[in-house]
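Read off the chains here:
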Amino acid sequence: MQKPTILVTGATGKTGSATITQLLAIGYPVRALVRQADARCERLRKVGVEIAVGSLEDMTDLAAAMNGVQRAYFCPPLEPGTLRRATLFAAAAQAARLEVVVALSQWVADAHHPAMHSREKWLSNKVFEWAPGLDVVTVNPGFFADNYMAALEPMAHFGLMGLPLGKGLNAPPSNEDIARVIVGALTNPAPHIGKSYRPTGPRLLAPEEIAAAMGRALGRKVTYQDVPMKLFFKVAKSLGISEFVIEELSYFLKDYQRNAFGIGAPTDAVFEVGGVEPEPFEQIARRYVAASGFAKRTLRSNLTAVHNLIAGLLTAAPAPSAIARRLHLPALNHPLLAAESAAWRAEHVPEGAS
């Protein structure tokens, strides 16, 4: 019996690429919707992925991408316009009579959240729920293990994990484990229709434990330093992180400091839907270190790390509030971080959890 064709958006991103790899490995035909034809989508084509070039903003492109497709993974970019893209995708999926859509949301999605992206994720979930005849599974990952790897260079060369995490806890999921939940829902949707899953790693870790695991992976001691948000954003700006991401990240990090990503974690979502135990963080870290080559430090790589550090320190600090005004991002009169929201806790925290 022929397996259904699955449309994957965000195909070259963290969860999209892992989802495609896993679907292909078990024999599912995959179509990827990409913004433009480039070297990354050519690599997908070479491994058997059908490429559809188009925009999540264009109903004609969406209709063409869904023609002949039975199921889909919706993964919008971290950019302004999440709600608009979700609404268009839901309408197109309904018109195409897809069997199921697996939609990527986020851990702190809430109507009261100060981050616009979190509010729009919350409302996007509602849009999918409200679409008549459209079956949906929602995946709400938290703070990815991949996020810590952005600081791999200073960890390798200076033995320092400098991040503004406070004393927050997290059970970091790998991209691959998040994809296992997505793939489990796409390939066997019936038990999961209408449900939300929050994939995590196997146990909660303090920042110091994350730094220690990174040190073991790198073969050197790595110490956690809780750095000011302002300093962190100077480095982020120097690395080319977009203004919108910096502004939104300021709220996600405040939630991290208040232990939002530790509330209700860890979960059994990876095993329940993906069928395997989630990866320990150190195992994930060792994979990234091996791929990066940072375990073998050289004079050249040391000089590059020093240059990048100085560039970050000399960069003017971006102000999230000024970015919000410049980008005309709507503000709430009564914002609440997820950790402070009774509504978020009531909807997302298992009974008996703190």
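Residues numbered from 1 in each chain as written. Predicted model: local features only at pLDDT ≥ 70, side-chain atom pairs only at ≥ 80, totals over all residues. Heavy atoms only, no water.

1. Points about the overall build of the protein chain
Looking only at helices and strands, the protein chain features 16 helices and nine strands. Computed over its C-alpha atoms, the radius of gyration of the protein chain comes to 20 Å, within 12% of the 20 Å expected for a compact globule of 354 residues. Taken along its principal axes, the extent of the C-alpha atoms in the protein chain is 55 × 50 × 40 Å. The burial tally for the protein chain puts 51% of its 354 residues in the buried class. Counting contacts in the protein chain only where the partners sit at least 6 residues apart, residues at least 24 apart contribute 80% of the total. For the protein chain, the accessible surface area stands at approximately 16,100 Å², while carbon and sulfur atoms represent 56% of it. (Helix = DSSP H or I, 4+ residues; strand = E, 2+ residues; numbered from the N terminus. Rg over C-alpha atoms; globule rule 2.2 N^0.38 Å. Buried < 20%, exposed > 50% of the residue type's maximum accessible area, 1.4 Å probe, protein only. Contact = heavy atoms within 4.5 Å. Areas by Shrake-Rupley, 256 points an atom, 1.4 Å probe, with all protein chains shown as cover.)

2. Details of helix α4 (residues 82–95)
Each α-helix winds once per 3.6 residues, and so residues spaced three or four apart point in a common direction. The terminal C-alpha atoms of α4 lie 20 Å apart, and with 14 residues this matches the ideal 20 Å at 1.5 Å per residue to within 8%. Along α4, the positions that sit buried rather than exposed are Thr82, Arg85, Ala86, Leu88, Phe89, Ala90, Ala92 and Ala93. Where α4 is buried, its residues contact β1 (6–9), α3 (59–66), β4 (71–74), β5 (100–104) and α5 (116–130). Directly after α4, the chain includes Arg97, whose backbone phi takes a positive value near 55°. (Expected span 1.5 Å × (residues − 1).)

3. Describing the environment of Arg326
By the secondary structure assignment, Arg326 is in helix α15 (residues 320–326). The exposure class of Arg326 is partly exposed, given its relative accessible area of 47%. Taking the C-alpha atoms as reference, Arg326 lies 9.7 Å from Glu243; in sequence the two are 83 residues apart. A polar side-chain atom of Arg326 sits 2.5 Å from a polar atom in the side chain of Glu243. (Polar contact = N/O pair within 3.5 Å; in protein donor to acceptor, adjacent residues only side chain to side chain.)

4. Quick word on the sheet that holds strand β3 (residues 50–53)
Strand order in the open sheet formed by seven strands is β3-β2-β1-β4-β5-β6-β8, with parallel pairing between adjacent strands. Bordering the open sheet on either side are β3 and β8 (196–197), each of which pairs with just one other strand. Across four bridges, the pairing between β5 and strand β6 (residues 136–139) is parallel. The residue of β6 that forms the bridge with Val102 is Val137. Packing of helix α8 (residues 175–187) onto the sheet brings it into contact with β1, β4, β5, β6 and β8, and relative to β4 it is tilted by some 155°. (Pairing = 2+ DSSP bridges. Axes fitted to C-alpha atoms, helices over the stretch in contact; angles between N-to-C directions.)

5. Overview of the pattern of salt bridges
Under the definition given, this model contains 17 salt bridges. Residues Glu79 and Arg35 are paired through a salt bridge, measuring 2.8 Å at the closest nitrogen-oxygen approach. Here Glu79 is found in the loop between β4 and α4, whereas its partner Arg35 is found in the loop between β2 (30–34) and α2 (39–46), with 44 residues between them in sequence. The class for Glu79 is partly exposed, based on a relative accessible area of 26%. A residue is classified by how much of its surface remains accessible, and Arg35, at 59% relative accessible area, is exposed. A salt bridge links Arg84 to Glu57; the shortest N-O distance between them is 2.7 Å. Residue Arg84 is found in helix α4, and its partner Glu57 is found in the loop between β3 and α3; the two are separated by 27 residues along the sequence. One network of salt bridges, with partners in common, ties together Arg35, Glu57, Glu79, Arg84 and Arg85. (Salt bridge = Lys/Arg side-chain N within 4 Å of Asp/Glu carboxyl O.)

6. With respect to helix α9 (residues 207–218)
The end-to-end C-alpha distance of α9, which contains twelve residues, comes to 16 Å, matching closely the 16 Å that a straight helix rising 1.5 Å per residue would cover. Of the residues making up α9, those classed as buried are Pro207, Ile210, Ala211, Ala213, Met214, Gly215, Ala217 and Leu218. A positive backbone phi angle near 80° is found at Gly219, which sits one or two residues after α9.

7. Quick word on the pairing of β5
Counting buried positions along β5 gives five out of five residues, so the element sits mostly inside the fold. Where β4 meets β5, four bridges bridge the pair, whose relative direction is parallel. Paired with Arg71 across the strands is Val100, a residue of β5. One crossover worth recording links β4 to the parallel β5 by way of α4, and it is right-handed. Crossover β5 to β6 through α5 is right-handed. (Right-handed = clockwise from strand over helix to strand, strands pointing away.)

8. Observations concerning the side chain of Asp255
Locating Asp255 in the fold gives a position in helix α11 (residues 243–257). Once you skip the residues sitting within four places of it in the chain, Asp255 turns out to touch Val108, His113, Ala260, Leu337, Ala338 and Ala339.

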